Amino acid sequence: MANAFVAAFEILSFGAIIVLIVLGLGIIASMMGIFNFAQGEFVLLGAYITYLAYAKGLPIWAGMVAAPFVVGALGFVLEALIIRRFYAAPIVAMLGTYALGLIIRESVRGLIGGFYLTVPEPIGGSIDIGAMHISAWRFTIIVITLLVMAGCYLLLSRTNFGLRMRATLENPSLARASGISTPLMYGATFAFGSALAGLAGALIVPVFSLYADLGLRFLIQGFVAVMVGGVGSFIGPVAGAGVIGTLSAALPWIMAPVVADVLVFVLAIAFIKFRPQGLIAGKGV
């Protein structure tokens, strides 16, 4: 019973990590019509900023709070300078964002010297439930993920900003005629998705350490999760992240990890083949 509970917690915590990473990727893909292949490197930047704060003697929480703002600001600048030119050609956008990601990844590799750097958990220790022990920090990640999901949903569906964002991305011409600054809204959307990736990197670096290929670990899983969940809605990518995260964490308990990773992608490809619209498809949030 104890082992089953611990396994369920590990599956849930890993699923929460995937959801955090997919949130930003899903918002950009669903609302802007492009896949940001630099999203994994935005996760890496969030982790690196957290490490810098720790290395400079600042509280780890300071780095975690700063990470989404810094990465979001960088995303806003990159959207204005580079990404904006790719909207009419989604394939070119994928290649362009991949190139951006490569530049960011190799820059970080040069800064950290190719080493694995550790960051302690801000909340250490474990939560004891009888004879069972679960990581306090992983539990915190689950709670933060739930709060971020709720906050994102309310922001995009219940606020004036969310209404303007959806109007801009669904019908730019009508939005401009209504007085909405469409370039500003595109930049804000990309910055928002980037900030979520930065937050994800900040939260997971104590769990996975900092290394240059940290973002690559989750990029393909995030891409597959968005495809499985369905592009065009807020709930779709989250549902896909839940499925992929659960499978990725659960299957290694019953088979070799390498075989489990391959099986996850095979199952995802088979699902997309028979249901290309994903679990939940739609045009808007």
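Residues numbered from 1 in each chain as written. Predicted model: local features only at pLDDT ≥ 70, side-chain atom pairs only at ≥ 80, totals over all residues. Heavy atoms only, no water.

K.L.:
How do you make sense of the overall build of the protein when you look at a structure like this?
P.N.:
From N to C terminus, the protein includes 11 helices and two strands. In sequence order, the protein lays out its α and β elements as α-α-α-α-β-β-α-α-α-α-α-α-α. Radius of gyration (C-alpha) of the protein: 19 Å, near the 19 Å computed for a compact globule of 285 residues. A buried classification covers 51% of the 285 residues belonging to the protein. (Helix = DSSP H or I, 4+ residues; strand = E, 2+ residues; numbered from the N terminus. Rg over C-alpha atoms; globule rule 2.2 N^0.38 Å. Buried < 20%, exposed > 50% of the residue type's maximum accessible area, 1.4 Å probe, protein only.)

K.L.:
Even after reading the chapter, I still don't get the packing of helix α2 (residues 39-55) against helix α4 (residues 90-112), so can you show me in this structure?
P.N.:
Two measures define how a pair of helices packs: the angle their axes make with one another and the distance between the axes. The geometry of α2 relative to α4 is characterised by a closest axis approach of 9 Å and an angle of 30° between their N-to-C directions. One way to sum up the angle between α2 and α4 is to call them roughly parallel. For the pair α2 and α4, the crossing hand works out as left-handed. Of α4, the residues touching α2 (which contributes Glu41, Phe42, Leu44, Leu45 and Tyr48) are Gly101, Ile104, Arg105, Val108, Leu111 and Ile112. Looking at side-chain class alone, the contact of α2 with α4 contains eight nonpolar, one polar and two charged residues. (Axes fitted to C-alpha atoms, helices over the stretch in contact; angles between N-to-C directions. Parallel < 35°, antiparallel > 145°, perpendicular 65-115°, else oblique. Left-handed = near helix turned anticlockwise from the far one by under 90°. Contact = heavy atoms within 4.5 Å. Nonpolar A, V, L, I, M, F, W, Y, C, P; charged D, E, K, R; others polar.)

K.L.:
Just to check I follow, could you spell out the UniProt feature "transmembrane region" (unreviewed entry) in the protein for this structure?
P.N.:
Following the UniProt record, one finds the feature "transmembrane region" (unreviewed entry) at residues 6-27, 34-54, 60-78, 85-104, 136-156, 184-212, 218-244 and 251-272. Its end C-alpha atoms 34 Å apart, residues 34-54 is made of 76% helix and 0% strand. Span residues 184-212 is 86% helix and 0% strand, its end C-alpha atoms 32 Å apart. (UniProt positions renumbered as here; feature names shortened; annotations may be inferred.)

K.L.:
I'm lost on the side chain of serine 209 in this one. Help?
P.N.:
Position of serine 209 relative to the elements: it lies in the loop between α8 (182-208) and α9 (214-229). Under the relative-accessibility criterion, serine 209 is labelled buried at 18%. Setting aside its immediate chain neighbours within four residues, serine 209 contacts Leu117, Thr118 and Leu214.

K.L.:
Just to check I follow, could you spell out a nonpolar patch on the surface for this structure?
P.N.:
Nonpolar side chains collect at one region of the surface, where Tyr153, Leu154, Ile235, Val243, Leu279 and Ile280 lie side by side and expose about 450 Å² of accessible area between them. Of all the elements in the fold, those that place two or more residues in the nonpolar patch are α5 (136-158) and α10 (235-250). Within the fold, tyrosine 153 resides in helix α5. For tyrosine 153, a relative accessible area of 33% puts it in the partly exposed group. (Patch = residues over 30% accessible without salt bridge, like charges linked within 9 Å, V, L, I, M, F, W, Y side chains within 5 Å. Areas by Shrake-Rupley, 256 points an atom, 1.4 Å probe, with all protein chains shown as cover. Salt bridge = Lys/Arg side-chain N within 4 Å of Asp/Glu carboxyl O.)

K.L.:
Teacher, can you tell me more about α5 here?
P.N.:
One turn of the α-helix equals 3.6 residues, which is why residues spaced by three or four share an orientation. If you check α5, its first and last C-alpha atoms are 32 Å apart, about what 23 residues at 1.5 Å a residue would give, namely 33 Å. For α5, the complete set of buried residues consists of Ala136, Trp137, Arg138, Thr140, Ile141, Ile142, Ile144, Thr145, Val148, Cys152, Leu156 and Ser157. One side-chain oxygen at the N-terminal end of α5 lies 3.4 Å from the backbone nitrogen of tryptophan 137; it belongs to serine 135. (Expected span 1.5 Å × (residues − 1). Polar contact = N/O pair within 3.5 Å; in protein donor to acceptor, adjacent residues only side chain to side chain.)

K.L.:
For this particular structure, what's the right way to read the pattern of salt bridges?
P.N.:
Should their charged atoms come close, side chains of opposite charge can pair. Scanning all chains against the criterion turns up six salt bridges. Its salt-bridge partner being glutamate 106, residue arginine 109 comes within 2.9 Å of it at the nearest N-O pair. On the criterion of helical spacing, the pair formed by arginine 109 and glutamate 106 is a turn pair, its members being three residues apart in helix α4. Residue classification places arginine 109 among the partly exposed residues on the basis of a relative accessible area of 26%. Overall, glutamate 106 belongs to the partly exposed group, its relative accessible area being 36%.

K.L.:
Could you clarify how one ought to interpret the nonpolar core in this entry?
P.N.:
Nonpolar side chains tend to gather and get buried jointly when the protein is soluble and globular. One finds Phe42, Val148, Leu203, Leu210 and Phe218 to be the most contacted residues of the largest nonpolar core, which totals 80 residues. Per-element tally for this core: the top contributor is helix α1 (residues 2-32), with 14 residues. Excluding anything up to four places from it in sequence, valine 148 contacts Leu20, Leu23, Leu196 and Leu199. (Core = buried A, V, L, I, M, F, W, Y, C linked by side-chain atoms within 4.5 Å.)

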